[in-house]
Amino acid sequence: MRSSRLRARTTAPAATQSLCWRHLPTMLLNRILDMGCAIAVSGVCSDWRRAELERTVLLLEQASPAAHVRGIITRRPRLAELHVLPRTAIGPTHLRHLMTAISTSAIARLHLYKLSLPHRLVELLAGSRVLRTLSLCAVEGLSATNASLIPSSLPNLTSLNLSSSQCGDSSCLALRTLPLTRLNLAATKVSDVGLQQLASGRSGLDLQWLHVGGSRVRLAAEIRLPRLEHLLASDHGHLMRGEIWSGVSRVGASAADALRCPRLTELELDGAGLTDFQDQNQLENLTKLSLAFSKNLRTLRLHGIHTLQWLNLSGTKTDPDALLALCVRLSPTVRT
């Protein structure tokens, strides 16, 4: 009797379970399975939540609804760096919500790539007291008007990227009051006039890294940047987050004579129209020099530079004997 009862108790639920699993609707069955998976990985989820709270760098590269965009910043109180890629497909409204959240957050570095910038959007960042790096690479709508709002909205900015934009000399006039140490003006409409305007302001005193490749800068006029250490003015492809842009170098034959940068250690003039490059007193601290694909370059004099460690002359027509003598003199400190 007892064995039959036990047999009934053990077999009946199995039959019932088999019948239920067979006849459950697919949607309900999927929900039950999802609940089971959620319970099974609850420990992993809690670890993930803790990791997100501690996250300091975030790469936003997938399309997100408005609610998720608003919570990106608030759910990560220690977030210090944010990259927004074009695949996110963030519209103007979502971008405004994002900028408003950033203005009251701890984010110090903001990078926007190939997005559409609404008019006067920069003003939404005015409340940020910690934002020091702003990158607006290939951003649509970045006109001189938007660029002129940056100093008043972010007066403590030290690094700025305006590459592949419509900014010109008037933007440099507005930016010269910023304490910039890094400035990227590659593939813009900035010319020697704008560069001189930058040099005459506070930016000219603090600037240490400058990229003007693919712009209208010719370095034909005297440029005084006392703290500049890295100057890039090349026309070769430049890698930016998987995107390659190629500009046209307009650097003329008097580029080396125009530079007044006593701290300059790295100089790239690839594709420049130089015919004769000779060391100046202002270039005596160079450690890296690149003159690649300067097709008109014939004469190279580096007698006053004793700190050179890296030299690139590929694609030039420099005299082989002079180049060999130069390598012997600089060896073993230089790599060509």
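Conventions used here
- Residues numbered from 1 in each chain as written.
- Predicted model: local features only at pLDDT ≥ 70, side-chain atom pairs only at ≥ 80, totals over all residues.
- Heavy atoms only, no water.
- Helix = DSSP H or I, 4+ residues; strand = E, 2+ residues; numbered from the N terminus.
- Buried < 20%, exposed > 50% of the residue type's maximum accessible area, 1.4 Å probe, protein only.
- Contact = heavy atoms within 4.5 Å.
- Areas by Shrake-Rupley, 256 points an atom, 1.4 Å probe, with all protein chains shown as cover.
- Core = buried A, V, L, I, M, F, W, Y, C linked by side-chain atoms within 4.5 Å.
- Salt bridge = Lys/Arg side-chain N within 4 Å of Asp/Glu carboxyl O.
- Polar contact = N/O pair within 3.5 Å; in protein donor to acceptor, adjacent residues only side chain to side chain.
- pLDDT = per-residue confidence, 0-100.
- Disulfide = S-S within 2.5 Å.
- Arc of directions from axis to C-beta.
- Pairing = 2+ DSSP bridges.
- Axes fitted to C-alpha atoms, helices over the stretch in contact; angles between N-to-C directions.
- Phe/Tyr/Trp six-rings, centres within 6.5 Å; stacked < 30°, edge-to-face > 60°.
- Lys NZ or Arg CZ within 6 Å of the ring centre and 35° of its normal.

Draft legend 1. Spotlight on the overall build of the protein chain. Each helix and strand counted, the protein chain has twelve helices and 17 strands in total. Within the protein chain, the fraction of its 336 residues that count as buried is 43%. Intrachain contacts of the protein chain at a sequence separation of at least 6 include 54% that bridge at least 24 residues. With the model as given, the accessible surface of the protein chain reaches about 17,600 Å², and the carbon-plus-sulfur share is 54%.

Draft legend 2. Fine view of the nonpolar core. The biggest cluster of nonpolar side chains holds 74 residues, and the ones touching the most others in it are L269 and F277. Listing elements by their share of this core, those giving two or more residues are β1 (57-60), α4 (66-74), β2 (81-84), α5 (92-103), β3 (109-113), β4 (133-137), α8 (169-175) and α9 (192-199). Looking at this core, the element that brings in the most residues is α5, giving five residues.

Draft legend 3. Expanded view of the pattern of salt bridges. Scanning all chains against the criterion turns up six salt bridges. Note that R260 and E222 form a salt bridge whose closest N and O atoms lie 3.7 Å from each other. Highlighted residues: R260 in strand β12 (residues 259-260) and E222 in the loop between β7 (209-211) and β8 (223-224), separated in sequence by 38 residues. Here R260 falls in the partly exposed class, since its relative accessible area comes to 23%. Within the structure, one salt-bridge network assembled from shared partners comprises R202, D206 and R227.

Draft legend 4. Seen up close, the side chain of H83. You can see H83 is positioned in strand β2. Here E81 takes part through its side chain, which lies 2.7 Å from a polar atom of the side chain of H83.

Draft legend 5. Up close: the confidence of the model for the protein chain. Overall, the prediction assigns the protein chain a mean pLDDT of 76, with 71% of residues at 70 or greater. This stretch, residues 237-248, has a pLDDT under 50; its non-local contacts, to residues over four places away or in other chains, come to 26 contacts.

Draft legend 6. Representation of the side chain of S290 within the structure. Position of S290 among the secondary structure elements: in strand β15 (residues 288-290). Here N312 takes part through its side chain, which lies 3.5 Å from a polar atom of the side chain of S290. Beyond its immediate stretch of four places on either side in the chain, S290 contacts L267, E268, L269, D270, W310 and N312.

Draft legend 7. Main features of the state of the cysteines. Applying the stated rule across the entire model yields zero disulfides. Free of any disulfide, C172 has its nearest neighbouring cysteine sulfur in C167, separated by 8.2 Å.

Draft legend 8. Just the environment of T181, in detail. Structurally, T181 can be placed in the loop between α8 and β6 (182-184). With relative accessibility at 25%, the residue T181 sits in the partly exposed group. Distance in space between the C-alpha atoms of T181 and L205 is 8.9 Å, their sequence separation being 24 residues. Ignoring sequence-local partners within four residues, the contact set of T181 consists of T158, D206, L207, Q208 and W209.

Draft legend 9. Summary view of α9. Of all the residues in α9, the buried ones are D192, G194, L195, L198 and A199. Down the axis of α9, the buried set is contained in an arc of 160°. They therefore lie on one face. The inward-facing, buried residues of α9 abut α8, β6, α10 (202-206), β7 and β8.

Draft legend 10. Examining the sheet that holds β4 more closely. In spatial order, the strands read β1-β2-β3-β4-β5-β6-β7-β9-β13-β15-β17; together these eleven strands make up an open sheet with parallel pairing. Where the open sheet ends on each side, the last strands, each with one partner, are β1 and β17 (310-312). Each strand axis lies, on average, 5° off the axis of its neighbour in the sheet, ignoring direction. Pairing of β3 with β4, which is carried by five bridges, proceeds in the parallel orientation. Counted as the bridge partner of Y113 is C137 from β4.

Draft legend 11. Representation of the packing of aromatic side chains within the structure. Counting across every chain of the model gives zero aromatic pairs. Above the ring of W209, the side-chain terminus of R182 is found at 4.1 Å from the ring centroid. For the cation-ring pair, K288 lies above W310, with the distance from its terminal atom to the ring centre recorded as 4.6 Å.

Draft legend 12. Examining the environment of P77 more closely. Following the sequence through the fold, P77 ends up in the loop between α4 and β2. For P77, a relative accessible area of 53% corresponds to the exposed category. Each C-alpha atom of the pair P77 and E54 lies 7.8 Å from the other, and the pair is 23 residues apart in sequence.

Draft legend 13. Structural context of the environment of S116. Within the secondary structure, S116 is located in the loop between β3 and β4. In this structure S116 comes out as partly exposed when scored by relative accessible area, which is 43%. Taking the C-alpha atoms as reference points, S116 and E140, separated by 24 residues in sequence, lie 4.7 Å from one another. Contact partners of S116, with chain neighbours within four places excluded, come to L95 and E140.

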